[in-house]
Amino acid sequence: MMKTGMLIISHPNAVYRNLPKLISEINNILYIQYFPLDRWNKNITFKSVNSGNIKPNWPNYSSLVIGLYSKVLSYKHLDVRILLSGTKLKEKEKVITKKPIDFVCYDETFRKDDVNNYVSSFVQNKVADCQIVALSNDNSCEVGLNDNCIAEVENIPCNIYDNVVLGGTFDRLHYGHKILLSEAILRCRKKITVGVTDTPMLKSKKLWELVEPCELRIQKVKDFLEEVDPSIEYDVVPISDIYGPTKDDPTFQMIVVSSETTRGGSAVNQVREANGLNTLCIHEVGLLVDPNKEDEVEEDKISSSNLRLRCLGTLLRPPQPNPAIPESPYIVGLTGGIASGKTNIADYLATLGAGVVSCDKLGHEIYSVGKPGHTQVVEVFGDGVLDASGAIDRKKLGAIVFSNKEKLQVLNQLLWPLILQEAQQSVKQLYSQGHKVVILEAAVLISAGWQTHCHELWTSIVPPDEAVKRVMERNGLTEQEARARVEAQPKNTEYVELANVVLSSQWRVEYTRKQVDKAWTGLLTRLGLHT
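Just so it is clear, the structure is predicted and the values come from calculations on it, not from any experiment. (Residues numbered from 1 in each chain as written. Predicted model: local features only at pLDDT ≥ 70, side-chain atom pairs only at ≥ 80, totals over all residues. Heavy atoms only, no water.)

### Things to note about the overall build of the chain
Filter applied, for reference: Think of it this way: any DSSP run of H or I at least four residues long counts as a helix, any run of E at least two long counts as a strand, and we number them from the N terminus. For each residue, the accessible area found with a 1.4 Å probe, counting protein chains only, is set against the maximum for its type, and the residue is called buried under 20%, exposed over 50%, and partly exposed in between. Any pair of residues with heavy atoms lying within 4.5 Å of one another is described as a contacting pair. Exposure was quantified through the Shrake-Rupley algorithm and a 1.4 Å probe, taking into account, for residues, occlusion by the shown protein chains and nothing else. The convention is simple: Lys and Arg are positive, Asp and Glu are negative, and His and the chain ends are not counted. Charge positions are represented by NZ for Lys, CZ for Arg, CG for Asp and CD for Glu.
Along the backbone of the chain there are 18 helices and 15 strands. Oriented by its inertia axes, the alpha-carbon framework of the chain measures out at about 95 × 60 × 40 Å. Taking all 531 residues of the chain together, the buried fraction comes to 50%. For the chain, the proportion of contacts with a sequence separation of at least 24, taken over those separated by at least 6, is 79%. Accessible surface, the chain: about 24800 Å² in total, of which carbon and sulfur atoms supply 50%. Averaged over its 60 positive side-chain charges, the chain has a centre that lies 2 Å from the centre of its 64 negative ones.

Here it is in structure tokens:
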């Protein structure tokens, strides 16, 4: 299967007729270079536009670009990028893609020799044996494709600005982002500034712990812009508030916003006016409906939060081989903060066929009367942690250690080695019973460094406030007591950074189980155990 292709077309309907055939050849990126025939043949120069002989009509291609992107949404594996240099009134320019192009398809309204010359002269990054193939010559819409037809744009003069600005999170660059960025390009002559939200602005977002690093998001935005139209100068910068550079840069003329952030554009203008700067023309871009919505938890629109939700239960990073583990079943460490739902997840995994070792249960048994842990805890913390029967009162002990990090560390150093020893014995027993996969469930797995005893790590996360609420209801604690317990554990980001698979029990049980089913099926497939 070929990986990266370029489609050169003179009419957008060629995409709809040929894309179903092309997707069998592509598993990476498809670049679409749209050349209206007058641009291709007349080769109108940028100089003639600046001289006033021709009025730019670049923005009129917005509906065409949005239409193309909206029609490829169902091809989830495909990364389509519409190159805009062919729509602008300037000479043909070099196309420098980040991925080498394996093949080029073109509309037969173009002459073969002209296409060969264009590919040879202007397509810079291509494999040595790049194929060039002609497509159908029929530009009319076929039966059943009437909804896909996009009329040619009208030549209506539109305002073009030297300096355009926009902002966003741009997590997992999707078609909504591509449209927003393309709209900015179609309205810009010289420079585009993009503000990318940095970590302090992410905390209110759904599953914000799964948002890509800011540096990666910045690079993806920059790569996309430079591929789509290399003639413009791009400045992609991190921002720590909603205004970014808009509050003090006098060169900006237009701001591009989505329909849900229009108020943000108005807020920017209020700040600029207060600072004695020109107000910006606000261009609003509509949202795309997500045809691939998988669950009611997801939003109706195409969004990064939907993509993050779909990451739950998938392999986010491949596990590293762990030869230090002796002959044993495949051990999955399952962890997460207090009240993150990991015990319910472990119980469900048991119904799917996994062997399960609950380190939390082992921990309770370790300091029961007569066990070594009981003696050591009483020696260190005194008789005040005992109830009337002489057993350790977990609530009394918890009140001591969760309000004092040093005492918590002392308790952990007493119990962790004892719990790990018992857990390893339980793993061996399950292996002898025929379990090829064992779940090692432990809240302290990361804190104790037990991930080195696992082949891979799964984690369950919920927002801290949700965890506090659950602990209050489950343990009968005050909010202050519950929050102390939550804050005594690693943050969600620490769990996520180490995890191969991330799960979340934030929503209904059925949705959590859907994630677990996905994770379990993926694991069995990777291990060759899927039946």
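So much for the structure itself; the text now carries on.
### Here we look at the sheet that holds strand S7 (residues 188–197)
What counts here: Strand pairing is defined by DSSP finding a minimum of two bridges between the two strands. Throughout, an axis means a line fitted to C-alpha atoms (over the contacting stretch in the case of helices), and angles, computed between N-to-C directions, take values from 0 to 180 degrees.
The sheet built from five strands is open, its strands ordered S8-S7-S6-S9-S10 with parallel pairing. Both edges of this open sheet fall to strand S8 (233–239) and strand S10 (281–285), since each of them pairs with a single strand only. The sheet shows a mean angle of 25° between the axes of neighbouring strands, taken without regard to direction. Where helix H7 (residues 214–228) meets the sheet, it contacts S7 and S8, and its direction lies at approximately 160° from that of S8.

### Focus: the side chain of serine 182
Here serine 182 is to be found in helix H6 (residues 175–185). For serine 182, a relative accessible area of 1% translates into the label buried. Ignoring sequence-local partners within four residues, the contact set of serine 182 consists of Val65, Tyr69, Leu84 and Phe224.

### What about H7?
The cut-off we apply is this: By this rule the span expected of a helix is its residue count minus one, scaled by 1.5 Å.
For H7, which comprises 15 residues, the first-to-last C-alpha distance of 21 Å matches the rise-based estimate of 21 Å (1.5 Å per residue) to within 8%. Taken together, the buried positions of H7 are occupied by Cys214, Arg217, Ile218, Val221, Asp223, Phe224, Leu225, Glu227 and Val228. Where H7 is buried, its residues contact strand S2 (29–34), helix H4 (62–71), strand S3 (79–83), H6, S7 and S8.

### A look at helix H13 (residues 394–401)
The line we're drawing: The arc in question is the one traced by the directions running from the helix axis out to the C-beta atoms.
Among the residues of H13, those classed as buried are Leu397, Gly398 and Val401. Within H13, the buried residues cover an arc of 100° as seen down the axis, which keeps them to one side. Looking at the buried side of H13, the elements it contacts are helix H12 (372–381), helix H14 (405–432) and helix H16 (479–487).

### Here's the deal with the packing of aromatic side chains
Our working rule: Planes of paired rings set the category: under 30 degrees apart is stacked, over 60 is edge-to-face and the rest tilted, where pairs are Phe, Tyr or Trp rings (Trp by its six-membered ring) whose centres lie within 6.5 Å.
The full count for this structure, using the stated rule, is five aromatic pairs. Between the aromatic rings of phenylalanine 35 and tyrosine 118, the centroid separation amounts to 5.4 Å while the plane-to-plane angle is 90°, which identifies the pairing as edge-to-face. Of the two residues, phenylalanine 35 is situated in the loop between S2 and helix H2 (37–42) and tyrosine 118 in helix H5 (residues 112–122); the sequence distance between them amounts to 83 residues. By relative accessible area, which is 4% here, phenylalanine 35 ends up buried. What links up through ring pairs into an aromatic cluster is the set Phe35, Tyr118 and Phe122.

### Let's talk about the pairing of S10
In this structure, strand S9 (residues 254–258) lies alongside S10, joined through five bridges in parallel fashion. Of the residues in S10, the one forming a bridge with valine 256 is histidine 283.

### A few points about the packing of helix H15 (residues 464–475) against H16
Condition: Roughly parallel covers angles under 35 degrees, roughly antiparallel covers those over 145, roughly perpendicular covers 65 to 115, and oblique covers all other angles. Should the near helix be turned counterclockwise from the far one by less than a right angle, the crossing is left-handed, whereas a clockwise turn marks it as right-handed.
H16 packs onto H15 with a crossing angle of 120° between their chain directions and a minimal axis gap of 9 Å. Comparing their axes, H16 and H15 come out oblique. You can see that H15 and H16 cross each other, and the crossing is right-handed. In this structure, H15 contributes Pro464, Asp465, Ala467, Val468, Val471, Met472 and Asn475 to the contact, and H16 contributes Glu479, Ala482, Arg483, Arg485 and Val486.

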